[in-house]
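# Descriptive structure summary
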Amino acid sequence: MGAHLNAYTAREQTVYYARCFKQDAPACVDIIADILQNSKFETSAIEREREVILREQEEVDKQFEEVVFDHLHATAFPGQDLGRTILGPKENILSIKRNDLTDYIGKNYRADRMVLVSAGGVPHEEVVKLAEKHFGKVPSSGTYTNLGDSHKPKPRFVGSEVRIRDDTMQHAHIALAVEGVGHKHPDYWTMLVMQAIVGNWDRALGSAPHLGSRFSSIVAKNGLANSFMSFSTSYSDTGLWGIYLVTENRVQIDDLVHFCLRVFHFFYNVNSRNGLVYLCR
């Protein structure tokens, strides 16, 4: 078919997806349904994938951005699910068995915890029919245990920090964040607008001196950073809003952080009573 089949894991969901021509959508849904419901989990396949994940973990550990954001989540949500890395500790990867996988799937791959989504040239009615045909017999959990269920405790955001100093590194990688909002929060789009206003900046880009972001002008004028990226990461009932920075000017990191905090104060009025964040300017 010439289609693309892949999967990825995030902190709150595992996604199996395909890109294909619209006439091949039924076949792709059939394949995905077969993967979810009829995988054999052969020992040889598990051992092969175990090695793949270990190599992937080694690659992730070399990507400073990934490491910094893992530390950011760990310190923002300590001792909670959102504070854990996606790949998990090495000892878990080495020890996981077939029964662990089948038990997890039996518990979590349930009708009330799954969603089938399409985008593009596939009529909604056809997607509904494909869902009924291929997923209609998937059992329910019995009680509604969706990750967004209101009775589940909201993750507790903790104001804290992690500092790891290595003077052999040429650059410093920094992430600053405040508590954001969940996908369904009324301020979700407001947070995205604020992210767009702060924007992204990289001194290597030809347009870097002409960006409209106030923060980029300050950073460029004073040579404080090589690049920065604003982000608004939302989960089911909480999130993180902040800035990720890379700089080789290690003697002025305090100045860089100072101006970052000025950006935060310029945009935010943090309500100390309930922790919600509102656009104020």
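The structure this text deals with has already been given above.
One structure accompanies this document, and this report is about it. (Residues numbered from 1 in each chain as written. Predicted model: local features only at pLDDT ≥ 70, side-chain atom pairs only at ≥ 80, totals over all residues. Heavy atoms only, no water.)

## Observations concerning the pairing of strand β1 (residues 4-9)
Both β1 and strand β2 (residues 14-19) contribute to a ladder of 6 bridges, which runs antiparallel. The partner of Ala7 across the bridge, within β2, is Tyr16. Taking the residues that link successive antiparallel strands as the turn, the β1-β2 hairpin has 4 residues. (Pairing = 2+ DSSP bridges. Helix = DSSP H or I, 4+ residues; strand = E, 2+ residues; numbered from the N terminus.)

## Overview of the pairing of strand β5 (residues 227-234)
Within β5, 6 of the 8 residues are buried, leaving the element largely enclosed by the surrounding structure. Looking at chain direction, strand β4 (residues 200-202) and β5 are connected through 3 bridges and run antiparallel. Bridging from a neighbouring strand, Asn200 pairs with Met229 of β5. For β5 and strand β6 (residues 239-247), the ladder comprises 8 bridges, and the chain directions are antiparallel. Across the sheet, residue Ser227 finds its bridge partner in β6, namely Val246. (Buried < 20%, exposed > 50% of the residue type's maximum accessible area, 1.4 Å probe, protein only.)

## Describing the sheet that holds β5
Read from one edge of the open sheet, 4 strands run β3-β6-β5-β4, paired in antiparallel fashion. Of all the strands in the sheet, just β3 (172-179) and β4 have a single pairing partner and so form its edges. Ignoring strand direction, the axes of neighbouring strands in this sheet form an average angle of 20 degrees. Across the sheet, helix α3 (residues 64-76) is in contact with β3, β5 and β6; its angle to β6 comes to roughly 140 degrees. (Axes fitted to C-alpha atoms, helices over the stretch in contact; angles between N-to-C directions. Contact = heavy atoms within 4.5 Å.)

## A closer look at unusual backbone geometry
Located in the positive-phi region is Phe41, a residue other than glycine, with phi close to 55 degrees. Tracing the backbone shows Phe41 in the loop between α1 (25-38) and α2 (43-61). Overall, the relative accessible area of 25% leaves Phe41 in the partly exposed class.

## So, the side chain of His73
Following the sequence through the fold, His73 ends up in helix α3. On the basis of relative accessibility, which here comes to 4%, the residue His73 falls in the buried class. A polar contact is formed between the side chain of His73 and the backbone oxygen of Phe69, at a distance of 2.8 Å. At 2.6 Å, the side chain of His73 forms a polar contact with the side chain of Tyr235. Apart from the residues within four sequence positions on either side, His73 is in contact with Arg11, Leu82, Gly83, Tyr235 and Leu240. (Polar contact = N/O pair within 3.5 Å; in protein donor to acceptor, adjacent residues only side chain to side chain.)

## Some thoughts on the nonpolar core
Phe215, Val219, Phe228, Trp241, Ile243, Leu245 and Leu256 are the most contacted members of the largest nonpolar core, which totals 22 residues. The element contributing the most residues to this core is helix α9 (residues 253-267), with 5 residues. Sequence-distant contacts of Leu256, that is, excluding residues within four places in its chain, are made with Ile174, Phe215, Val219, Leu224, Ala225, Leu245 and Thr247. One finds Phe69, Leu72, Leu82 and Ala175 within the second-largest nonpolar core, a separate group that totals 12 residues. (Core = buried A, V, L, I, M, F, W, Y, C linked by side-chain atoms within 4.5 Å.)

## Considering helix α8 (residues 214-222)
Looking at α8, one finds that the buried residues are Phe215, Ser216 and Val219. Summarising the axial view, the buried residues of α8 lie within an arc of 100 degrees, below the 170-degree limit, and thus occupy one face. Of the exposed residues in α8, those oriented more than 90 degrees away from the buried face are Arg214 and Lys221. Directly beyond the C-terminal end of α8, a positive phi value near 60 degrees is found at Gly223. (Arc of directions from axis to C-beta.)

## What about the pattern of salt bridges?
For the coordinates displayed, the defined rule picks out 8 salt bridges. For Glu47, the salt bridge is made with Arg50, and the minimal N-O distance between the two is 2.8 Å. With Glu47 and Arg50 both in helix α2 and 3 residues apart, this pair spans about one turn of that helix. Given a relative accessible area of 7%, Arg50 falls into the buried group. Measuring nitrogen to oxygen at the nearest pair gives 3.0 Å for the salt bridge that ties Arg165 to Asp167. Given a relative accessible area of 52%, Asp167 falls into the exposed group. (Salt bridge = Lys/Arg side-chain N within 4 Å of Asp/Glu carboxyl O.)

## Structural notes on the packing of aromatic side chains
Given two aromatic rings, their pairing is described by the distance between the two centres and the angle made by the two planes. Scanning the entire structure with this criterion turns up 9 aromatic pairs. Ring centres 6.1 Å apart and planes at 80 degrees place the aromatic pair Phe77 and Phe157 in the edge-to-face group. Of this pair, Phe77 sits in the loop between α3 and α4 (90-95) while Phe157 sits in the loop between α6 (124-135) and β3, and the two are 80 residues apart along the sequence. The buried category is assigned to Phe77, whose relative accessible area is 0%. Each ring, one from Phe215 and one from Phe228, has its centre 4.7 Å from the other, and the planes form 55 degrees; the classification is tilted. Of this pair, Phe215 sits in helix α8 while Phe228 sits in strand β5, and the two are 13 residues apart along the sequence. Note on accessibility: Phe215 and Phe228 belong to one class, buried. Aromatic rings pair up to connect Phe69, Phe231 and Tyr244 into one cluster. (Phe/Tyr/Trp six-rings, centres within 6.5 Å; stacked < 30°, edge-to-face > 60°.)

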